[in-house]
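Take a look at the letters that make up each chain.
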Amino acid sequence: MKVSMKINGVEYERDVEPRRLLVHYIREDVGLTGTNVGCDTSSCGACTVLMDGKSVKSCTVLAVQAEGAEITTIEGLAEPDGTLHPLQRAFQECHGLQCGYCTPGMVMASLSLIKENPGLDERKVREGLEGNLCRCTGYHNIVKAVLQAADEMGVKA
Amino acid sequence: MYPSKFDYVRALSVDDALEKIASDEEAKFIAGGHSLVPLMKFRLATPSLLVDIGGLHDLSYIKDEGDHLAIGALTRHTEVEHSQLLQAELPMLSYVASLVGDPQVRHRGTIGGSVAHGDGASDLPAALLALDASMIAVGPSGRREIPAKEFFKGFLETALSPDELLVEIKVPKGVSSWSYKKFNRRAQDWAIVGVAAVKNGSTKVAFVNMGSSPLRSTGCEDALRSGATIEEAAERAAEGIEPPSDLNASSEFRVHLAKVLTRRALEELS
Ligand SMILES: Cc1cc2nc3c(=O)[nH]c(=O)nc-3n(C[C@H](O)[C@H](O)[C@H](O)COP(=O)(O)OP(=O)(O)OC[C@H]3O[C@@H](n4cnc5c(N)ncnc54)[C@H](O)[C@@H]3O)c2cc1C
Ligand code: FES
Ligand code: FES
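Residues numbered from 1 in each chain as written. Chains lettered and ligands numbered in written order. Predicted model: local features only at pLDDT ≥ 70, side-chain atom pairs only at ≥ 80, totals over all residues. Heavy atoms only, no water.

Okay, the overall build of chain A next. Along its length, chain A carries five helices and five strands. Along chain A, helices and strands appear, N-terminal first, in the series β-β-α-β-β-β-α-α-α-α. Computed over C-alpha atoms, the radius of gyration of chain A comes to 15 Å, within 12% of the 15 Å expected from 2.2 N^0.38 for 157 residues, which places it in the range of a compact globule. Scored against the burial criterion, the 157 residues of chain A give a buried share of 54%. Restricting to contacts in chain A with at least 6 residues of sequence separation, those with at least 24 account for 56%. Within chain A, the 21 negative side-chain charges are centred at a point lying 5 Å from the centre of the 16 positive side-chain charges. (Helix = DSSP H or I, 4+ residues; strand = E, 2+ residues; numbered from the N terminus. Rg over C-alpha atoms; globule rule 2.2 N^0.38 Å. Buried < 20%, exposed > 50% of the residue type's maximum accessible area, 1.4 Å probe, protein only. Contact = heavy atoms within 4.5 Å. Lys, Arg positive; Asp, Glu negative; His and termini not counted. Charge placed at Lys NZ, Arg CZ, Asp CG, Glu CD.)

Residues and elements named next belong to chain A. A sheet is described by the order of its strands in space; here five strands give the open sequence 2-1-5-3-4, paired in mixed fashion. In the strand order of this sheet, the two ends are held by strand 2 (10–15) and strand 4 (54–57), each with one partner. Within the sheet, the average angular offset between the axes of one strand and its neighbour, ignoring direction, is 40°. With six bridges connecting them, strand 1 (residues 2–7) and strand 2 associate as antiparallel partners. Looking at the pairing, V3 lines up with R14 of strand 2. Sheet contacts for helix 1 (residues 22–29): strand 1, strand 2, strand 3 (48–51) and strand 5 (70–72); angle to strand 1, the most-contacted strand, approximately 80°. Helix-sheet contacts for helix 3 (residues 103–116) involve strand 3, strand 4 and strand 5, and the interaxial angle to strand 3 is about 40°. (Pairing = 2+ DSSP bridges. Axes fitted to C-alpha atoms, helices over the stretch in contact; angles between N-to-C directions.)

Residues and elements named next belong to chain A. Partitioning chain A into structural domains gives domain 1 (2–76) and domain 2 (86–152). Between the C-alpha centres of domain 1 and domain 2 the distance comes to 21 Å. Of the residues lining the interface, 18 residues belong to domain 1; the matching set on domain 2 comes to 15 residues. Summed over both partners, the interface of domain 1 with domain 2 comes to about 1200 Å²; 58% of that surface belongs to carbon and sulfur atoms. Across the contact surface, domain 1 and domain 2 share seven residue pairs in polar contact (both at pLDDT 80 or more). Elements with a contribution of two residues or more to the side of domain 1 that touches domain 2: strand 3 and strand 4. By residue class, the composition of the side of domain 1 that touches domain 2 is six nonpolar, ten polar and two charged. (Domains from an automatic or database assignment. Buried area = accessible area lost by both parts, 1.4 Å probe. Polar contact = N/O pair within 3.5 Å; in protein donor to acceptor, adjacent residues only side chain to side chain. Nonpolar A, V, L, I, M, F, W, Y, C, P; charged D, E, K, R; others polar.)

Turning our attention to the packing of aromatic side chains. Residue and element names in this part refer to chain B. Inspection of every chain in the model, using the stated rule, returns three aromatic pairs over all chains. Relative to F152, the ring of F151 lies with its centre 5.1 Å away and its plane at 80°, an arrangement referred to as edge-to-face. On the accessibility criterion, F152 (8% relative accessible area) is buried. Positioned above the aromatic ring of Y61 is the side chain of K63, whose terminal nitrogen or guanidinium carbon lies 4.3 Å from the ring centre. (Phe/Tyr/Trp six-rings, centres within 6.5 Å; stacked < 30°, edge-to-face > 60°. Lys NZ or Arg CZ within 6 Å of the ring centre and 35° of its normal.)

All names here are of chain B. On the surface, M1, F42 and L44 cluster together to form a nonpolar patch covering roughly 330 Å² of accessible area. By the element assignment, L44 lies in the loop between helix 2 (36–41) and strand 3 (49–52). For L44, a relative accessible area of 65% puts it in the exposed group. (Patch = residues over 30% accessible without salt bridge, like charges linked within 9 Å, V, L, I, M, F, W, Y side chains within 5 Å. Areas by Shrake-Rupley, 256 points an atom, 1.4 Å probe, with all protein chains shown as cover. Salt bridge = Lys/Arg side-chain N within 4 Å of Asp/Glu carboxyl O.)

Once that is clear, we can look at a negative patch on the surface. All names here are of chain A. A contiguous patch of negative charge, built from E11, E13, D15, D52, E67 and E70, is present on the exposed surface. Per-element tally for the negative patch: the top contributor is strand 2, with three residues. Here E70 shows up in strand 5.

Residue and element names in this part refer to chain B. Taken in spatial order, the five strands make up an open sheet running 4-5-10-6-7, and their pairing is antiparallel. Single-partner strands in this sheet number two, and they are strand 4 (62–64) and strand 7 (142–147). Strand after strand, the sheet turns through a mean of 25° between neighbouring axes, direction not considered. Of the pairings in the sheet, the one linking strand 6 (residues 134–139) to strand 10 (residues 165–172) comprises five bridges and is antiparallel in character. The residue bridging M135 from the neighbouring strand is I169, located in strand 10.

Residues and elements named next belong to chain B. Contact pair helix 5 (residues 91–98) / helix 8 (residues 123–130): the axes reach a minimum separation of 9 Å and the direction vectors enclose 165°. The angle between helix 5 and helix 8 places the two elements in the roughly antiparallel class. Like other packed secondary-structure pairs, helix 5 and helix 8 cross with a definite hand, here right-handed. Across the interface between the two elements, M92, L93, V96 and A97 of helix 5 pack against D123, L124, A127 and L128 of helix 8. Taken together, the residues of the contact of helix 5 with helix 8 sort by class into seven nonpolar, no polar and one charged. (Parallel < 35°, antiparallel > 145°, perpendicular 65-115°, else oblique. Left-handed = near helix turned anticlockwise from the far one by under 90°.)

This part is about the environment of S134 of chain B. Residues and elements named next belong to chain B. Among the structural elements, S134 can be located in strand 6. Linking S134 and I169, residues 35 residues apart in sequence, is a C-alpha distance of 5.9 Å. For S134, the residues in contact, after removing those within four places along its chain, are E145, I146, P147, A148, E168, I169 and K170. At a separation of 2.8 Å, a polar atom in the side chain of S134 contacts the side chain of E145.

Written as structure tokens, this is what we have:
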């Protein structure tokens, strides 16, 4: 069936089976491969994107459920001229990634967290990212990066 | 992982949802999909038709109705968690919602989906059982109200018939104190055992993951009614209950946890 949605501000329409998962619609039908699949069982958060502004695990959403939604993926964050989003820059500056596999999901989950929670502190960041696993960094630098970005985005306590 | 093939339609209203669900015996409603899609990916559920009720925004609300609060079935966990009305009138429910999964899960999952799924391991059903909530369902033969005590029947089995839609959850006011204890080992995990305790006139105690459905602790409640101390009542918490053994805990360990958590919860109530 025909499924249309806006991804990073661009309208897409694709003809897919009702069982198509949103993550595959984004990666394979639309071709935006920045969003990763890790566990495929809604545990790891690698597939996190924003759906109408809120973080969701796109391996656990059917593409048909996102009809008419506004999706933001990691590709939608930087400026058209390549200037990184404050969160992307903070991850880079704080060394918030090693292999980078979890990073797109971490960044999208963090963006949702920052927007929803004015006055973030370390504990709230750790709890707020409980749905995202990282096998490399040990999390400390991810937490640092999120707090730095929250500060820069003007929403920290 | 892919679900097996199914047809998909969107419900445009409650009546439309009822009509569409009746059109196919193997049809299922989908709300947030955060219990159903994982089951379908593992092929533990293979509906032939999904009726998407996710667009029924009229069923997403939290209202003060005087002696009770009314929560629309499509209200997402994140809305229950952050509702100012609930935080003021029924903070227990906001707190319990905040413990469900992780933020991504709470952005999608709905209270109605959690209740209709009827998983004994879920947090909100046990909390609603202790709160003496009732469920409003509409179906081909009209609207009916089902008390939580009669709603949860067994493993993923509720009093809802397959052609009935859960539309609202009614929670009585008048809670003078409450406690919710969720025991798990890692962030994001389901409860190994959970205890919901509510004082609203009498004291009610319900368990998460002590059986195939959410359960009331009749042993503990009886003991309290006959004037037992907290220690005595907690000791009887698992009376008549045979919890399952799994990778996370043996049945004996669950019984132990139930007693300890019940004691802590009751201490918090008093
Ligand atoms: C990673 C992960 C972690 C989780 N952790 C927890 C946790 O710690 N604690 C917890 O309690 N839950 C947890 N959950 C489950 C979560 O709370 C689900 O969102 C919720 O149980 C189901 O809500 P839903 O709207 O997604 O329902 P769906 O998945 O859409 O539906 C579930 C079932 O209910 C039926 N249904 C849905 N709405 C209605 C209705 N209005 N009327 C009749 N039938 C209906 C459907 O047909 C289906 O059978 C977790 C889920 C995931 C994916
Ligand atoms: S791939 Fe979706 S949560 Fe892991
Ligand atoms: S950087 Fe490798 S998994 Fe997080």
